[in-house]
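Secondary and tertiary structure notes
Here are the chains, one letter per residue:
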Amino acid sequence: MKKTLLSATIGAAVLGLGSAASAATLDDVKAKGFVQCVVNTGLAGFAAPDSSGNWTGFDVDYCRALAAAIFNDPSKVKFTPTTAQTRFTALQSGEGDVLARNTTWTISRDTSLGLNFRPVNYYDGQGFMVPKALDVKSALELSGAAVCVQSGTTTELNLADYFKANNLDYKPVVFEKLEEVNAAYQAGRCDVYTTDQSGLYSLRLSLSNPDDHVILPEIISKEPLGPAVRQGDDQWFDITSWTHYAMVQAEEFGITQENVDEMKNSENPDIRRFLGVEADTKIGTDLGLTNDWAYNIIKQVGNYGEVFERNIGMETPLKIERGLNALWTKGGLQYAPPIR
């Protein structure tokens with residue numbers, strides 16, 4: 001009997017700890033009044049501060065959408081810039097609440113770092129950039145090249161695998177900080193720059209003569225990029241995941257920043273439920289938020305397509321096509337589970 005009572009007591013204690021942990025991050029975020037987002041030190045179009053310290057970019061807007069979902073205020077977010085080497089430590093240590101820093105989801109990162117990945121907000125792949133003067137048309141012509149690469153990334157590993165698989169020799173020129181890699185390539189210390197293709201488009205803009213450099217056609221890896229959070233907090237994991245899915249679903253519904261108020265009058269029950277106007281809606285409260293959480297995201301930040309186009313789309317200096325990041329209804333991979 002004593003053993004039974006002891007087991008029951010321990011079990012109740014464990015359950016109690018689990019319940020407390022499940023709401024810890026949201027409670028902490030509400031208590032301090034902002035979301036702390038771990039981002040890049042500066043990658044044009046994705047996350048970069050201007051001369052006044054104001055952050056903009058694709059990943060930045062995800063963080064602002066998260067703040068809008070929680071506070072109905074996209075400004076209630078602060079940014080922790082990190083290198084590829086320090087980004088995981090910043091999240092693991094509690095320095096940030098969510099990592100939104102062009103980070104690839106891999107099995108080793110998902111299982112060995114104490115982190116959870118789920119939504120892919122940008123489907124990418126690793127590529128190569130070279131000076132036009134080299135007159136190189138394919139990555140298969142790069143044998144013997146010096147290749148600039150950032151340490152602590154999947155890029156470094158993919159580079160070694162690709163050259164080995166194709167019996168090519170190369171000299172890695174490795175740096176920890178993105179700024180160091182950029183400077184080395186600009187100074188001609190290497191023949192080739194390799195990273196995610198989206199990053200190459202961004203980094204090319206920072207060169208003194210961007211038009212003197214070309215991005216080769218080969219994509220040598222799968223790089224599913226998206227936010228990550230610490231393991232052990234299912235509620236926070238859900239909130240960070242469904243923030244992305246809400247933006248994707250809004251685009252599929254045709255809901256934009258401009259028409260979101262009008263769409264509240266829609267007769268479509270799925271849209272009314274999504275925007276929190278159906279009387280029986282509990283989607284937001286089940287997340288620990290208000291039932292107009294999705295409305296707040298779209299009103300304050302916009303849908304996925306709007307965020308993509310204003311930061312990295314064809315009307316921006318990066319001129320990145322939607323490609324795999326188009327909606328599933330338009331031949332892409334962006335797809336939201338049912339929000340009901």
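Residue indices begin from 1 for each chain and proceed along its sequence in written order. Only residues with pLDDT of at least 70 are given local features in this predicted model, and only at 80 or more are side-chain atom pairs given and counted; all residues enter the totals for whole chains, interfaces and linings. To obtain the side-chain values, all non-hydrogen atoms of the structure were used and water was disregarded.

- Under the annotation held in an unreviewed UniProt entry, the chain carries the name General L-amino acid transport system substrate-binding protein and is attributed to Pseudorhizobium tarimense.
- UniProt positions are given in the numbering used here, feature names are shortened, and annotations may be inferred rather than shown by experiment. Heading Sequence similarities (unreviewed entry) of the UniProt record for the chain holds this comment: "Belongs to the bacterial solute-binding protein 3 family."

Overview of the sheet that holds strand 12 (residues 213–215)
- When DSSP finds two or more bridges between two strands, those strands count as paired. Note on conventions: DSSP H or I runs of at least 4 residues are helices, E runs of at least 2 residues are strands, and numbering of each starts at the N terminus. Taken together, the 5 strands give an open sheet; going across it, the order is 10-9-11-8-12, and neighbouring strands pair in mixed fashion. Looking at which strands have only one partner, the edges of the open sheet turn out to be strand 10 (170–175) and strand 12. Neighbour-to-neighbour, the strand axes of the sheet open up by a mean angle of 30 degrees, direction not taken into account.
- Bridge count for strand 8 (residues 126–131) against strand 11 (residues 192–196) is 4 bridges, and the pairing is antiparallel. Within the sheet, the bridge partner assigned to phenylalanine 128 lies in strand 11 and is threonine 194.
- Any two residues having at least one pair of non-hydrogen atoms within 4.5 Å are treated as being in contact. Only the stretch in contact is used when fitting a helix axis, every axis being a line fitted to C-alpha atoms; angles between N-to-C directions are given from 0 to 180 degrees. Sheet strands in contact with helix 6 (residues 154–165) are strand 8, strand 9 (145–150), strand 10 and strand 11, and its direction is about 80 degrees off that of strand 8.
- On top of the sheet, helix 8 (residues 197–205) reaches strand 8, strand 11 and strand 12; it is set at about 125 degrees to strand 11, its chief contact.

Brief notes about the pairing of strand 8
- In this scheme, a residue with accessible area under 20% of its type's maximum is buried, one over 50% is exposed, and one in between is partly exposed, where area comes from a 1.4 Å probe on protein chains only. For strand 8, the tally of buried residues reaches 5 of 6 residues, placing the bulk of the element in the interior.
- Two strands pair when backbone bridges link them, and strand 8 and strand 12 are joined in this way by 3 bridges, in the antiparallel orientation. Along strand 12, the bridge assignment pairs valine 130 with valine 214.

Details of the packing of aromatic side chains
- Here is the rule: rings of Phe, Tyr and Trp (six-membered ring for Trp) pair when centre to centre is within 6.5 Å. Planes less than 30 degrees apart are stacked, more than 60 are edge-to-face, and the remainder are tilted. What the rule picks out here adds up to 16 aromatic pairs.
- Where tryptophan 55 meets phenylalanine 79, the ring centres are 5.6 Å apart and the plane angle is 35 degrees; that geometry is what we call tilted. Here tryptophan 55, found in strand 3 (residues 55–56), pairs with phenylalanine 79, found in strand 4 (residues 77–82); they are 24 residues apart in sequence, far enough to count as distant.
- Three or more aromatic residues joined by ring pairs make a cluster, and in this case those are Phe46, Phe58, Tyr122, Tyr304 and Phe308.
- In this structure, lysine 78 packs its charged tip against the face of phenylalanine 34, placed 4.3 Å from the ring centre.
- Over the ring of phenylalanine 237 we find arginine 118, and its NZ or CZ is 4.5 Å from the ring centre. Definition used: whenever NZ (Lys) or CZ (Arg) falls within 6 Å of the ring centre and also within 35 degrees of the ring normal, the charge is taken to sit over that ring.

Quick look at the state of the cysteines
- The rule for a disulfide is simple: a pair of cysteine sulfur atoms within 2.5 Å. Applying the stated criterion to the full structure yields 2 disulfides.
- Bridging cysteine 37 to cysteine 63, the disulfide has an S-S length of 1.9 Å. The sign of the S-S torsion, about -85 degrees, decides the handedness of the disulfide formed by cysteine 37 and cysteine 63: left-handed. One end of the pair, cysteine 37, is in strand 1 (residues 35–40); the other, cysteine 63, is in helix 3 (residues 58–71), with 26 residues separating them in the sequence. Take cysteine 37 and cysteine 63: they sit in the same class, and that class is buried.
- Counting its disulfide-bonded cysteines in sequence order, the chain shows a connectivity of 1-2, 3-4.

Here we look at the confidence of the model for the chain
- Scored between 0 and 100, pLDDT is the confidence that the predictor attaches to each residue. Taken as a whole, the chain shows an average pLDDT of 92; of its residues, 93% reach a score of 70 or greater.
- Every residue in residues 1–23 scores below 50 in pLDDT, and together they form 8 contacts with partners more than four places removed in sequence or on other chains.

A look at helix 14 (residues 304–312)
- Those residues of helix 14 that sit buried are Tyr304, Gly305, Val307, Phe308, Asn311 and Ile312. The buried side chains of helix 14 occupy one side of the element, clustering within an arc of 165 degrees when seen end-on.
- Its buried side turned inward, helix 14 meets helix 3, strand 7 (122–124) and helix 9 (234–253). When we speak of the arc, we mean the arc of directions from the helix axis to the C-beta atoms.

So, the pairing of strand 9
- A large share of strand 9 lies buried, amounting to 6 of its 6 residues.
- The alternating pattern of strand 9 places Ala145, Val147 and Val149 on one face and Ala146, Cys148 and Gln150 on the opposite face, and all of these are buried.
- Across 6 bridges, the pairing between strand 9 and strand 10 is parallel. Note that in strand 10 the partner of valine 149 across the bridge is valine 174.
- Crossovers are marked right-handed if the path from the first strand over the helix to the second runs clockwise, as seen with the strands pointing away from the viewer. Remark: the strand 9/helix 6/strand 10 crossover connection has right-handed handedness.

A short note on the UniProt feature "domain: Solute-binding protein family 3/N-terminal" (unreviewed entry) in the chain
- When the UniProt feature table is mapped onto this chain numbering, "domain: Solute-binding protein family 3/N-terminal" (unreviewed entry) sits at residues 34–263.
- Annotated as 35% helix and 24% strand, the span residues 34–263 places its first and last C-alpha atoms 29 Å apart.

Quick look at the environment of glutamine 126
- By secondary structure assignment, the location of glutamine 126 is in strand 8.
- Each C-alpha atom, one on glutamine 126 and one on threonine 256, is 32 Å from the other, the two residues being 130 residues apart in sequence.
- In this structure the side chain of glutamine 126 is engaged in a polar contact, spanning 2.8 Å, whose partner is the side chain of threonine 194. Think of a polar contact as two N or O atoms within 3.5 Å of one another; within protein, one of them needs to be a possible hydrogen donor and the other a possible acceptor, and neighboring residues in sequence only count if both atoms come from side chains.

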